[in-house]
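Descriptive analysis of the structure
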Amino acid sequence: MNLNRLAATVVALTMAEQAQAQISGHEYEGTVAPIREGEQPLIPLDTEDPIYNAWRRPLPSFEGQREGREPGLVDPQRFYGQGYMQLPTFLHQPLTITPEDLAAGNVDVAIMGAFTDMGTGARGAARGPNAVRNSSIYLGYGARQPDMHVMVDPLQDITVVDYGTAPNDMLSTERTIHAVRSFVRQAAGVQHEDGRHVIPFIVGGDHSQMHPNVAAMTDVYGIGKVAVVHFDAHYNAGKYGLGHLINHGMPVYRLIEEGLVEGKNFIQVALRGYCPDESACEWMRANEFRYHTMAELEHRGRDAVMKVVISQANDSPDYMSISFDIDMFDPAFVPGTGTPEPSGLMPREIFPIIRQLCAEANVIGFEIVELAPLMDPTHVSASNANRTIRECLTGVAMRKMGITEPDDKSPLTVSHGRAIE
Ligand SMILES: [Mn+2]
C-alpha cells in the first residue's frame, strides 16, 4: 500500500470511528481516543506562565555582550597548538553574537544551529548542531588546510563564523519556526559595503525548519525570487500530518501553499525509496517541480544529472538556497538519521556535487538537517555532515575567487601534477 493510499485509509477509518464514537457516547472502546462533547482537541498554551517566552528572551549576559564591547569576531581559542582539543565551535571558527558582529567582521558565512526535532517521530536531531561542532575534534589537522581536490581553503579564503544557536521551544515545532525565521532573516539581512549578504548555513534539527529557513530568504530577497535545490531521499511535500500544518515531511508543501517559492523553482535531487509515490509525482509534475530521482542518477550518471541540475539552478531566480537532508548518504556512511533509506549515495559522490553546485550557482543559504547523532556511536555521521558543510564552504570560496569552471581541479591534484607520458 502506498503512503497516500495509506493516509486516505487512515482518514476514512478515523471518520468511521468518529461516527461510531458519537453513537457510543464518545467513550473509548479501543477504536478512537476519547474527546468528549465540547472538549477542545488541543490543550491551549498557558500564557500566564512566567517562562512562557523564556526560550526566546535574551539572557542578561547576552545583553551585556551587546553593550559592553566593540562589534566583531570573538575567538574562543586562547592558545595555538590545541589541535583536536579546541573548544568546539563549528569548524573551530570564531564566535559572533549579533548581526553587528557579522557586519563588523565582514563575514561571508555564518554557521548556526537550529535544533528543533519535534517535527519528526524519530527524535534526536536536536543533538545535530553540537555533534557537528564536536565533530571538528575528529578532523584534527585537516581543519585548516586546503581541500586537496581544488587547493582552496575556505577557512582562509573567506570569513566563516559560528553564529550560535537559534531560539527554540523544545516542546513545539509550531512556535519554534517563527523564531527561527526571524533569527535567520537577521543574519541573511546583513549586507556589506560591496553589496554581498551574509550567507547563513543552518545546522539542524529536523527538516521542518526548511520552512522558516527558506521563508527567511524570501523575506530578504523577495517572494518568488528564491530557488531551492533540495537534496533528499524524500520529497517532503506532504499535505497532511496528523492535523499539524508543519512537520519534517511537509515544509515543501507549505512553501508552495503559502506562495513563497514556486514549484518550478524547486529542484530536487536523489529522491529514492518509497516516497513520493505515483500520485505525489503527479502533484509535483502539475506544480512544475524539476526532480531528479536516484533512478535517474543511476541511469544517466552523476555528472550528467548534476550538469542538468546546475543549469536548472542557474535558469531559476537569481538566488539559490540549498536544503540538504543527511539521508542523502547511504545509511552505511550516515546511520545517524531518523528516517534512513537504503541505497543512497557515497561521500565521494556527494562531496563533489555539493562543492561544484556551490561554486557554480549563487548560493544565498544552506541547511543540513536530520542528523541524529545519538543513533551513531562511531561519530562517522557527524563527520560526514561536517565535511558536507566544508565542501559547500569550499564551493562558496571558489566562486568568490572566480573559480567556477565545472569540476575544477587544481593543476597539482591530478596525475602527480604533470602530464602522463
Ligand atoms: Mn529525508
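This write-up is about the structure you can find in this document. Owing to the predicted nature of the structure, the values given are computational and were not obtained by experimental measurement. (Residues numbered from 1 in each chain as written. Predicted model: local features only at pLDDT ≥ 70, side-chain atom pairs only at ≥ 80, totals over all residues.)

**Here's the deal with helix α6 (residues 173–188)**
Working note: α-helix, 3.6 residues per turn, so residues spaced by three or four point in the same direction. For α6, built from 16 residues, the straight-helix expectation of 22 Å at 1.5 Å per residue is met to within 8% by its first-to-last C-alpha distance of 22 Å. Within α6, the full set of buried residues consists of Thr 173, Thr 176, Ile 177, Val 180, Arg 181, Phe 183, Val 184, Gln 186, Ala 187 and Ala 188. In the core, the buried residues of α6 are packed alongside α3 (99–104), β1 (109–114), β2 (160–165), β3 (199–204), α7 (210–221) and β8 (363–369). (Helix = DSSP H or I, 4+ residues; strand = E, 2+ residues; numbered from the N terminus. Expected span 1.5 Å × (residues − 1). Buried ≥ 20, exposed ≤ 12 C-beta atoms within 10 Å, placed from the backbone. Contact = placed C-beta atoms within 7 Å.)

**Details of the sheet that holds β3**
If you trace the 8 strands from one edge of the open sheet to the other, you get β2-β1-β3-β8-β7-β4-β5-β6, paired in parallel fashion. The open sheet is flanked by β2 and β6 (290–293), the only strands paired with a single partner. Taking the axes of each pair of neighbouring strands and ignoring which way they run, one obtains an average angle of 15° across the sheet. In this sheet, strand β7 (residues 319–325) lies alongside strand β4 (residues 226–231) in parallel orientation, the contact comprising 6 bridges. The residue of β7 that forms the bridge with Val 226 is Tyr 319. Of the strands in this sheet, β1, β2 and β3 are in contact with helix α4 (residues 128–135), which crosses β3 at around 105°. The sheet contacts of α6 involve β1, β2, β3 and β8, and relative to β3 the element is tilted by about 150°. (Pairing = 2+ DSSP bridges. Axes fitted to C-alpha atoms, helices over the stretch in contact; angles between N-to-C directions.)

**Observations concerning the nonpolar core**
Within the largest apolar cluster, 99 residues are counted, with the highest numbers of intra-cluster contacts made by Val 109, Ala 110, Ile 111 and Val 229. When residues in this core are grouped by element, the largest group, 8 residues, is from helix α13 (residues 380–401). With residues near it in sequence (within four places) discarded, Ile 111 still touches Phe 90, Val 160, Asp 162, Tyr 163, Phe 201, Val 203 and Ile 389. (Core = buried A, V, L, I, M, F, W, Y, C linked by C-beta atoms within 7 Å.)

**Focus on the packing of helix α11 (residues 302–314) against helix α12 (residues 347–360)**
Relative orientation and spacing of two packed helices are given, respectively, by the angle between their axes and the distance between those axes. Where α11 contacts α12, the two axes come as close as 10 Å, and the packing angle between them is 25°. Judged by the angle between their axes, α11 and α12 are roughly parallel. The handedness of the crossing between α11 and α12 is right-handed. Contacts between α11 and α12 pair Arg 302, Met 306, Ile 310 and Ala 313 from the former with Glu 349, Ile 353, Gln 356, Leu 357 and Glu 360 from the latter. (Parallel < 35°, antiparallel > 145°, perpendicular 65-115°, else oblique. Left-handed = near helix turned anticlockwise from the far one by under 90°.)

**Things to note about the pairing of β3**
The buried fraction of β3 is high, at 6 of 6 residues. Side-chain alternation along β3 places Ile 199, Phe 201 and Val 203 on one buried face and Pro 200, Ile 202 and Gly 204 on a second face that is also buried. Relative to β8, β3 runs parallel, the two being bridged by 3 bridges. Bridging across to β8, Ile 202 finds its partner in Glu 367.

**Structural notes on the environment of Ala 215**
On the secondary structure map, Ala 215 appears in helix α7. With 25 C-beta atoms counted inside 10 Å, the residue Ala 215 sits in the buried group. The spatial distance from the C-alpha of Ala 215 to the C-alpha of Arg 387 is 26 Å, given a sequence separation of 172 residues. When neighbours within four sequence positions are excluded, Ala 215 is seen to be in contact with Arg 181 and Leu 260.

**As for the packing of α12 against α13**
As a packed pair, α12 and α13 sit with axes 7 Å apart at the nearest point and diverge in direction by 30°. Classified by the angle between their axes, α12 and α13 sit roughly parallel to one another. Along this stretch, α12 crosses α13, giving a crossing that reads as right-handed. Taking contact as the criterion, the partners of Pro 347, Ile 350, Phe 351, Ile 354, Arg 355, Gln 356, Leu 357, Cys 358 and Ala 359 in α12 are, on α13, Asn 384, Arg 387, Thr 388, Glu 391, Cys 392, Thr 394, Gly 395, Val 396, Met 398 and Arg 399. Its residues assigned to classes, the contact of α12 with α13 shows 10 nonpolar, 5 polar and 4 charged. (Nonpolar A, V, L, I, M, F, W, Y, C, P; charged D, E, K, R; others polar.)

**A look at the environment of Tyr 80**
As for its placement among the helices and strands, Tyr 80 is situated in the loop between α2 (60–67) and α3. Looking at Tyr 80, the number of C-beta atoms within 10 Å reads 6, which means it is exposed.

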